[in-house]
Amino acid sequence: MDTHLVGAYEADGHEAIARIIRRHSTNPADIRQEALRGIDLSGATRLLDVGCGYGAMVEALAGRIRPGVEVIGVDIYCSDEEVFVARARAITGSARFICRRLDSRLDFPDQYFDAVIAAYSLYFFPRLIPELARVLKPDGVLVSLTHSESNFQGMLAAMGVSPRQSAMHSLLSRFSAENGATRLAEHFGAVESRPYPNTLVFRAEDLEDYLALVRFKLPSLLPAGDPALGRPEALLAWARELLARAGCVSIEKDDAVFIATEPRRS
Ligand SMILES: C[S@@+](CC[C@H](N)C(=O)[O-])C[C@H]1O[C@@H](n2cnc3c(N)ncnc32)[C@H](O)[C@@H]1O
């Protein structure tokens, strides 16, 4: 497993980074609301969130599910439990967190869930896709969100790192905006793609936000084991210089949502 990549999401600062991303996005829409647009979950009784983290996606379900719906979140980081359960319980009485490493198997019966959510997580465990189809009811829905492989490409190029060398790129290429629909179509009869074009724009006065984002992202941008990872201050100085010289830095941040229905058993 890419522990140095997963670790990036463990940080308490994850929510602060999400706020920075929202503040500097050219796309004003909330992708989580875009993902759920038009999906009727009012009759759902059981819902699974794989790689749930601290429940950002469950929070977006407020007003869309009935109180009492059983929401189960699964994540490798046990420390997410308290926040996830508190957030899920705020919208449904019945929330549960399972701390385990997901790979290719789920311990749930066939056709158990009305909906499965996989928000920015399927690239960590793409071998789980057939299992998601198995545990969904025939009229169930998988809502998945992911990033484009082109994200941060300009910054990588400026650092002299080819996408092929980048740890983030190799992770994303397992389930990305570019290949997610094809991956899902192997196990679902219908897949709807909802592109989310976006760019992050930082001007000189945004230096603090920009450096916080770069600091957070650096471990995933560089190849695993890159000696520069041991010198984060030098990289931050380089990033600061880049913004000072250009006056404005634009960062590719396209995402995509895939809505998969008609699950097939393999
Ligand atoms: C980018 S975060 C997304 C979190 C959340 N779904 C959201 O939308 O904010 C990816 C999540 O997947 C979890 N994760 C990564 N690899 C995992 C694995 N093999 N099994 C279970 N969870 C994993 C991480 O701990 C992290 O919480």
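Scroll up a little and you will see the structure.
Just so we're clear, the structure is a prediction, and the values are computed from it rather than from any experiment.

Draft legend 1. Layout of the sheet that holds strand 1 (residues 46–50). Pairing within the open sheet is mixed, and its seven strands lie in the order 3-2-1-4-5-9-6. The open sheet is flanked by strand 3 (94–99) and strand 6 (188–196), the only strands paired with a single partner. The mean inter-strand angle of the sheet, taken between neighbouring strand axes irrespective of direction, is 15 degrees. With six bridges connecting them, strand 2 (residues 70–75) and strand 3 associate as parallel partners. Within the sheet, the bridge partner assigned to valine 74 lies in strand 3 and is isoleucine 98. Where helix 5 (residues 81–91) meets the sheet, it contacts strand 1, strand 2 and strand 3, and its direction lies at approximately 160 degrees from that of strand 3.

Draft legend 2. The site of the ligand, seen in detail. In the region of the ligand, 18 residues are neighbours, and Arg32, Gly51, Asp75, Leu102 and Ala119 sit closest. Contact between the ligand and glycine 51: a nitrogen atom at 2.7 Å from a main-chain N or O atom of the residue. Taking isoleucine 76, its main chain carries an N or O atom lying 3.1 Å from a nitrogen atom of the ligand. Contact with the protein chains covers 97% of the free accessible surface of the ligand, which is 590 Å². Partitioning the shell around the ligand into residue classes produces eleven nonpolar, two polar and five charged.

Draft legend 3. Examining the packing of aromatic side chains more closely. What the rule picks out here adds up to seven aromatic pairs. An angle of 15 degrees between the planes, with centres 6.0 Å apart, marks the rings of phenylalanine 108 and tyrosine 112 as stacked. Ring geometry for tyrosine 123 and phenylalanine 124: centres 5.2 Å apart, planes at 55 degrees, overall tilted. Under the relative-accessibility criterion, phenylalanine 124 is labelled partly exposed at 21%. Positioned above the aromatic ring of tyrosine 112, the side-chain terminus of arginine 46 is 3.8 Å from the ring centre.

Draft legend 4. Inspection of the nonpolar core at higher detail. Ranked by internal contacts, the top residues of the largest apolar core, which has 86 residues, are Leu48 and Tyr210. For leucine 48, the contacting residues outside a window of four places in its chain are Ile72, Val74, Leu106, Phe108, Phe113, Ala115, Val116, Ile117 and Val135.

Draft legend 5. Representation of the environment of leucine 222. Note on placement: leucine 222 falls in the loop between helix 10 (207–221) and helix 11 (232–246). Judged by its relative accessible area of 2%, leucine 222 falls in the buried class. In the structure, leucine 222 is positioned 159 residues away from glycine 63 in sequence and 40 Å away in space, judged by C-alpha atoms.

Definitions and limits used
Residues numbered from 1 in each chain as written. Predicted model: local features only at pLDDT ≥ 70, side-chain atom pairs only at ≥ 80, totals over all residues. Heavy atoms only, no water. Pairing = 2+ DSSP bridges. Helix = DSSP H or I, 4+ residues; strand = E, 2+ residues; numbered from the N terminus. Axes fitted to C-alpha atoms, helices over the stretch in contact; angles between N-to-C directions. Contact = heavy atoms within 4.5 Å. Near = heavy atom within 4 Å. Polar contact = N/O pair within 3.5 Å; in protein donor to acceptor, adjacent residues only side chain to side chain. Areas by Shrake-Rupley, 256 points an atom, 1.4 Å probe, with all protein chains shown as cover. Nonpolar A, V, L, I, M, F, W, Y, C, P; charged D, E, K, R; others polar. Phe/Tyr/Trp six-rings, centres within 6.5 Å; stacked < 30°, edge-to-face > 60°. Buried < 20%, exposed > 50% of the residue type's maximum accessible area, 1.4 Å probe, protein only. Lys NZ or Arg CZ within 6 Å of the ring centre and 35° of its normal. Core = buried A, V, L, I, M, F, W, Y, C linked by side-chain atoms within 4.5 Å.

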